[in-house]
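Here is how the chains run, residue by residue.
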2 protein chains.
Amino acid sequence: MNIYDLDTPALLLDVARLDNNLQQMAAYCKRHKLDLRPHTKTHKSPVIAHMQIERGACGITVAKLGEAEVMADAGLTDILIQYPIVGEAKLRRLVSLAARCRLTIALDSLLVAKWISQAATEAGVEVGVRVEFDTGFRRCGLPIVPESIPQVQAIQALPHLRWDGISVYYGHIMGDPDSRIAAIAHENEQLDALYALLAAAGIDHSKVSGGNTPAALQSHEFHSLTEIRPGTYALQDRDMVDAGAASFADCALSVLTTVVSTSVANRAIIDAGSKTLSADGLLSGAKMHFGYIVGFPDLRLEDLSEEHGHILLGEGRELSVGHRLRIIPNHVCTCVNLHDRMFVVDGEEVVDSWRIECRGKVV
Amino acid sequence: MNIYDLDTPALLLDVARLDNNLQQMAAYCKRHKLDLRPHTKTHKSPVIAHMQIERGACGITVAKLGEAEVMADAGLTDILIQYPIVGEAKLRRLVSLAARCRLTIALDSLLVAKWISQAATEAGVEVGVRVEFDTGFRRCGLPIVPESIPQVQAIQALPHLRWDGISVYYGHIMGDPDSRIAAIAHENEQLDALYALLAAAGIDHSKVSGGNTPAALQSHEFHSLTEIRPGTYALQDRDMVDAGAASFADCALSVLTTVVSTSVANRAIIDAGSKTLSADGLLSGAKMHFGYIVGFPDLRLEDLSEEHGHILLGEGRELSVGHRLRIIPNHVCTCVNLHDRMFVVDGEEVVDSWRIECRGKVV
């Protein structure tokens, strides 16, 4: 089937671009002796997770316990949940999952670690733990201060937990080369301070996990990282192009849409709004329109209603009702999360359709 | 089951508030002899659509053909698709659907009407059509100019289409009373000009559909409206409170969340981010935080990551890991669209769980 026979809106996955993105990141990590544990929240697809493992990833990262369950059902065997697990219902599911795959949790409090340890002990399973430190993003993570050390030592002493080192998340490092250099230098100061604290207390920090897509190919410049967890790199998006971390030719996911109305002057309305693309603007705050229209760099997707995309046409420009357009979303993670499946394409040929199996796994 | 036994994040639907919202709007419409055709894109639930019909709605509105199919499967019999239907695949589905319910399409071009007429003729079915005019929102709709009239007449002459009058969408009318009065006056100027054009051409405009939630209870002030299509009123949200169209006590949908991290100073992180609440800011642009924390009007949901909500704690304020909070989303339509089900609650008692059956029906 040709893509133009698809009903729209539809997610198109260019499998050659995907493969290239996966291979490049795997090669980079191999070259720099970094473990690659891709964050699968971007694609939410076990098929792509398996492709990542086949190309050398050591395991996968997920954000949700429900995503981990789907991935384990699909045969993924080494899963990191980069999220504190809280609540009775989740703890029961967690220890059940730990009985059937190598499971690790990133957490940032003794309280959460105690709950997991108790549940794991009762179930007779082992759960890996990584302690997250905050290097400045101010989301999760213990502060890098001496008062955090006793918490880490107490976590290490808990039964049925497997120590798996340190985790950090430094947010999005982007912008011009000078500001990236400055941001990495700042991050290294934080990491050095953290390592000094841990070393003084005799805490094993031979494993340090960090990273995301914008600065992924500079991960070797961060001090003593042993693992990175980029997600977006698999598909890339306009944010990553804007951040200088990808080109539009790397973007493996686009949204096929149809022009449905041109009745209002200087506008073309497409059948992709915020319920199709997500309303995320660009991370950088720059050029606040809502996606890149492939082949029409001069046209602007000016506004989104829930089911309408508003394209601003310049003077003398026309689009016809029925015309098909491909949009590269600003933020591919939140876009994919709105859909149940993606169509796998080789050029304009539709070769397969993959369910986005982790979508909707909110708990 | 008590709501505090639910795993989070979870959508909670207060059924008493829902019922009250539905009854009030139905009573208003009855009082003013307006047909009520609720837009079901807000809740995407056939159960709620049936409640709306039982309370006096004349039929329902949907945005997507896929939503219409789900609603028809669930026994809804009078469905308006407020969206131009374009493309071969959709036309085949459209005429199949028209064979099993009373189906009407709002459209704004002769081209789309011709495609539908041809498909309906071949299938031997009848499809209702409404012609949309643009009164200033600049999305869909023919311009209110004499040149539009021949298009309308040509649409009326097409076979197998049932003329169902005129449709307008005037966007969100909100703000202080003076600006609302001015906006309604402006809208009435547009409507009067439209009616004059249609009357001069002898075009039947005895049916005029408009409206949405912010100005729904002022619909009788718009000239000659015979039907309104509000959606959000069923659940209400922070946008409607901000617009003066509801109070927080009317908001029937909230998101139950859990505090998962308090390690960073002056922050509490909850398990509801943009993949749970949607990243929509407020329509008015005011107070750009991401939801209202029930019972904590002084706390701000300052930022959203995909799976983290960042609550800013004032000096001396504390929240504990494990603490449950209820969030009223800024925009309930895009929030509900992220979930597969909602838990129906009576106070703190969970009495049922309803699938959000139209979610994901993107085509």
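Structural notes, computed from the coordinates.

About the criteria used
Residues numbered from 1 in each chain as written. Chains lettered and ligands numbered in written order. Predicted model: local features only at pLDDT ≥ 70, side-chain atom pairs only at ≥ 80, totals over all residues. Heavy atoms only, no water. Axes fitted to C-alpha atoms, helices over the stretch in contact; angles between N-to-C directions. Helix = DSSP H or I, 4+ residues; strand = E, 2+ residues; numbered from the N terminus. Parallel < 35°, antiparallel > 145°, perpendicular 65-115°, else oblique. Left-handed = near helix turned anticlockwise from the far one by under 90°. Contact = heavy atoms within 4.5 Å. Nonpolar A, V, L, I, M, F, W, Y, C, P; charged D, E, K, R; others polar. Buried < 20%, exposed > 50% of the residue type's maximum accessible area, 1.4 Å probe, protein only. Pairing = 2+ DSSP bridges. Salt bridge = Lys/Arg side-chain N within 4 Å of Asp/Glu carboxyl O. Buried area = accessible area lost by both parts, 1.4 Å probe. Polar contact = N/O pair within 3.5 Å; in protein donor to acceptor, adjacent residues only side chain to side chain. Least-squares fit on C-alpha atoms with pLDDT ≥ 70 in both.

### Section: the packing of helix α1 (residues 15–31) of chain A against helix α2 (residues 46–54) of chain A
Residue and element names in this part refer to chain A.
- Following both chains from N to C, one finds α1 and α2 inclined at 40°, their axes separated by 9 Å at the closest point. With respect to α2, the element α1 is oriented oblique. When you trace α1 past α2, the crossing you get is right-handed. In this structure, α1 uses Leu18, Asp19 and Leu22 to contact α2, whose residues at the interface are Ile48, Met51 and Gln52.
- Looking at side-chain class alone, the contact of α1 with α2 contains 4 nonpolar, 1 polar and 1 charged residues.

### Examining the pairing of strand β1 (residues 10–14) of chain A
Residues and elements named next belong to chain A.
- By the criterion of burial, β1 is predominantly enclosed, with 5 of the 5 residues buried.
- Judged by which residues are buried, β1 turns out to be covered on both faces: Ala10, Leu12 and Asp14 on one side and Leu11 and Leu13 on the other are all buried.
- In the sheet, β1 pairs with strand β10 (residues 253–261) via 4 bridges, with the strands oriented antiparallel. From the neighbouring strand, Ala10 faces β10, where its bridge partner is Leu256.
- Sheet topology note: the β1/strand β16 (residues 341–346) ladder contains 3 bridges and is parallel. Across the sheet, residue Leu12 finds its bridge partner in β16, namely Phe343.

### Quick look at helix α3 (residues 65–73) of chain A
Residue and element names in this part refer to chain A.
- Across the 9 residues that make up α3, a large majority, 8, are buried.
- Those residues of α3 that sit buried are Leu65, Gly66, Glu67, Ala68, Glu69, Val70, Met71 and Ala72.
- Of the surrounding elements, those touching the buried residues of α3 are α2, β3 (60–62), β4 (78–81) and α4 (88–98).
- The positive-phi residue at the C-terminal boundary of α3 is Gly75, with phi of around 100°.

### Details of the pattern of salt bridges
- Under the defined criterion, the tally for this structure stands at 44 salt bridges over all chains.
- The salt bridge involving Arg359(B) is made with Asp340(A); its shortest N-O contact spans 2.7 Å. With Arg359(B) in the segment after β17 (349–355) and Asp340(A) in the loop between α10 (332–336) and β16, this pair bridges two chains.
- Taking relative accessible area as the criterion, Arg359(B) reaches 6% and is therefore assigned buried.
- Three or more residues joined by partner-sharing salt bridges are found here, namely Arg37(A), Asp78(A), Arg102(A), Arg130(A), Asp164(A), Lys207(A) and Glu227(A).

### Topic: the interface of chain B and chain A
- Taken together, the contact pairs 59 residues of chain B with 59 residues of chain A.
- It is Tyr83(B), Arg138(B) and Arg139(B) that lose the most area in chain B upon contact with chain A, and together they represent 14% of the buried surface on that side.
- One can count 10 salt bridges joining chain B with chain A.
- Glu307(B) is the salt-bridge partner of Lys64(A), the closest N and O atoms lying 3.5 Å from each other.
- Put simply, chain B and chain A have 24 residue pairs in polar contact (both at pLDDT 80 or more) between them.

### Things to note about helix α4 (residues 88–98) of chain B
- Among the residues making up α4(B), those that are buried are Ala89(B), Lys90(B), Leu91(B), Leu94(B), Val95(B), Leu97(B) and Ala98(B).
- Structurally, α4(B) contributes buried residues whose contacts are with α3 (65–73), β4 (78–81), β5 (102–107), α5 (110–123) and β6 (127–133) of chain B.

### Here's the deal with the relation of the copies chain B and chain A
- Overlaying chain B with chain A gives an RMSD of 0.0 Å, the required rotation being 180° about an axis along which the chain moves by 0.0 Å. Within this description, the copies of the chain are treated as partners about a two-fold rotation axis.
- Mapped onto chain A, 100% of the interface residues of chain B again fall at the interface, so both copies present the same surface.

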